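# A look at the structure
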Amino acid sequence: MSTAKKTPAKKAAQAEAPASVKKTASVKKAAPLKKATVAPKKAAAPVKKASAAKTVATKPPRDESQTALVRRARRINRELAEVFPYAHPELDFENPFQLIVATVLSAQTTDLRVNQTTPALFAKYPTPEDLAVANPEEVEEILRPTGFFRAKTKSVIGLSKSLVENFGGEVPGRLEDLVKLPGVGRKTAFVVLGNAFGRPGITVDTHFQRLVHRWRWTDETDPDKIEAAVSALFPKSDWTDLSHHVIWHGRRICHARKPACGACPITPLCPAYGEGETDPDKAQKLLKYEKGGFPGQRLNPPQAYLDAGGKPAPPLGAG
């Protein structure tokens, strides 16, 4: 890709909006994008909407108006949707129980390592009832590759017991119920709500935090406040896909230590352009997963990902 010139956030935002638009003008919602979705095999029963985090006013970067910030943020999301039309949760799962367990296990490790570990776990303990009465030492041995396996064993057995005792062995579809489960916070809850129940939510992981700061969407550092600030920039219907787009971009292109600026599709919209490698050829070599021609993180990725040239990850122990 060609290298884009460094463009201030203000100019990028104003280039998209007509000059006659006042700073206080309302912003029209971006048209929803058609894309493949990942859903559990069993249809989920309709549930009530989850409560959102307390609203936090977003702080536009430097002299960028709130209207310009909203326009720029939504344009970034639209651009990323074109780059990652196959974006999906990168944990293998077949039902809400598998997803919530896998998400808890993903702390302090990669989704790939979780995906390589959960097949053995779910083969031996396919339901909350099975995992709730499991021998902790046997579970620890299975989870050892994920790191912090003792604490994670305690969490997944504990949440399984809670599911059996308080929810009839079913994963609840309400935020207020999910966060009561051992090892489950708002981030995990929104992963489950958005991808197992089809309910909008913003997943604020380390990639999401890093990128929204580089893009100057918010100056907040607390995950709950970041969630609230960013959610105010987008319609609720965009929240889950937005999370996928941002996280995928962070994992593949906008890395923590050396972002591939020269291979980035949104350089005209990024105030942090130039923090990473700007040479197109050198930046191309920094790309990860399917963007760099390598396998992804899922052993069983969606067909849309395979159709786009993505490669399945190898199972645990494979060369």
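So, how was this worked out
- Residues numbered from 1 in each chain as written.
- Predicted model: local features only at pLDDT ≥ 70, side-chain atom pairs only at ≥ 80, totals over all residues.
- Heavy atoms only, no water.
- Phe/Tyr/Trp six-rings, centres within 6.5 Å; stacked < 30°, edge-to-face > 60°.
- Buried < 20%, exposed > 50% of the residue type's maximum accessible area, 1.4 Å probe, protein only.
- Helix = DSSP H or I, 4+ residues; strand = E, 2+ residues; numbered from the N terminus.
- Lys NZ or Arg CZ within 6 Å of the ring centre and 35° of its normal.
- Salt bridge = Lys/Arg side-chain N within 4 Å of Asp/Glu carboxyl O.
- Axes fitted to C-alpha atoms, helices over the stretch in contact; angles between N-to-C directions.
- Parallel < 35°, antiparallel > 145°, perpendicular 65-115°, else oblique.
- Contact = heavy atoms within 4.5 Å.
- Nonpolar A, V, L, I, M, F, W, Y, C, P; charged D, E, K, R; others polar.
- Polar contact = N/O pair within 3.5 Å; in protein donor to acceptor, adjacent residues only side chain to side chain.
- Arc of directions from axis to C-beta.

On to the packing of aromatic side chains. One pass over the structure, following the stated rule, counts seven aromatic pairs. Summarising the aromatic geometry, the rings of Trp215 and Trp217 are spaced 4.9 Å apart at their centres and angled 50° between planes, so their arrangement reads as tilted. On the basis of relative accessible area, Trp215 is assigned to the buried category, the value being 1%. Taking 5.8 Å as the distance between ring centres and 80° as the angle between the ring planes, the aromatic pair formed by Trp248 and Tyr305 counts as edge-to-face. With Trp248 in helix α12 (residues 239-252) and Tyr305 in helix α14 (residues 303-307), the pair connects residues that are 57 residues apart, well separated along the chain. By relative accessible area, which is 2% here, Tyr305 ends up buried. The rings of Phe84, Tyr86, Trp248 and Tyr305 are connected pair by pair, giving a single aromatic cluster. Positioned above the aromatic ring of Trp248 is the side chain of Arg252, whose terminal nitrogen or guanidinium carbon lies 3.6 Å from the ring centre.

In this section: unusual backbone geometry. Unusually for a residue other than glycine, Gln108 sits at a positive phi of about 60°. Along the chain, Gln108 turns up in the loop between α3 (96-105) and α4 (111-124). At Arg216, a position not held by glycine, the phi torsion is positive, near 60°. Summarising the element assignment, Arg216 is placed in the loop between α10 (206-214) and α11 (223-231). Overall, the relative accessible area of 23% leaves Arg216 in the partly exposed class.

Counted according to the given criterion, the structure contains 14 salt bridges. In this structure, the salt-bridge partner of Arg298 is Asp92, at a minimum N-O distance of 2.8 Å. In this pair, Arg298 is assigned in the loop between α13 (280-284) and α14 and Asp92 in the loop between α2 (66-83) and α3, connecting sequence segments 206 residues apart. In terms of burial, Arg298 and Asp92 fall into one category: buried. Through salt bridges that share partners, Glu90, Asp111, Arg251, Arg252 and Glu290 make up one connected network.

Looking now at the packing of α2 against α12. One can describe the packing of α2 onto α12 by two numbers: an axis separation of 9 Å at closest approach and a directional angle of 70°. Taken together, α2 and α12 sit at an angle that is classed as roughly perpendicular. For the pair α2 and α12, contact is made by Asn77, Leu80 and Ala81 and by Leu242, His245, Val246 and His249, respectively. The residue inventory of the contact of α2 with α12, partitioned by class, reads four nonpolar, three polar and no charged.

A separate point is the side chain of Arg72. Assignment of secondary structure puts Arg72 in helix α2. Side-chain polar atoms of Arg72 contact the backbone oxygen of Trp215, separated by 2.8 Å. A polar contact of 3.2 Å, which involves the side chain of Arg72, links it to the backbone oxygen of Leu269.

Okay, the packing of α4 against helix α6 (residues 136-143) next. Interaxial distance between α4 and α6 falls to 9 Å at its minimum, and their mutual angle equals 155°. The angle between the axes of α4 and α6 places the two elements in the roughly antiparallel class. Judged by residue contacts, Thr117, Ala120, Leu121 and Lys124 of α4 engage Glu138, Val139, Ile142 and Leu143 from α6.

As a further point, take α6. The set of residues buried in α6 consists of Val139, Glu140, Ile142 and Leu143. Taken down its axis, α6 places every buried residue within 160° of arc, on the same side. Exposed positions of α6 whose direction lies more than 90 degrees from the buried face are Glu137 and Glu141. On its buried side, α6 packs onto α3, α4, α5 (128-132) and α7 (149-167). Regarding α6, its N-cap is Asn135, as a side-chain oxygen of that residue lies 2.9 Å from the backbone nitrogen of Glu137 further along.

This part takes up the environment of Lys311. Relative to the helices and strands, Lys311 is located in the segment after α14. Placed 15 residues apart in sequence, Lys311 and Gly296 show a C-alpha to C-alpha distance of 5.8 Å. Leaving out residues up to four positions away in the same chain, Lys311 has contacts with Gly293, Phe294, Pro295, Gly296 and Tyr305. Only 3.2 Å separates the side chain of Lys311 from the backbone oxygen of Gly293, close enough to count as a polar contact.

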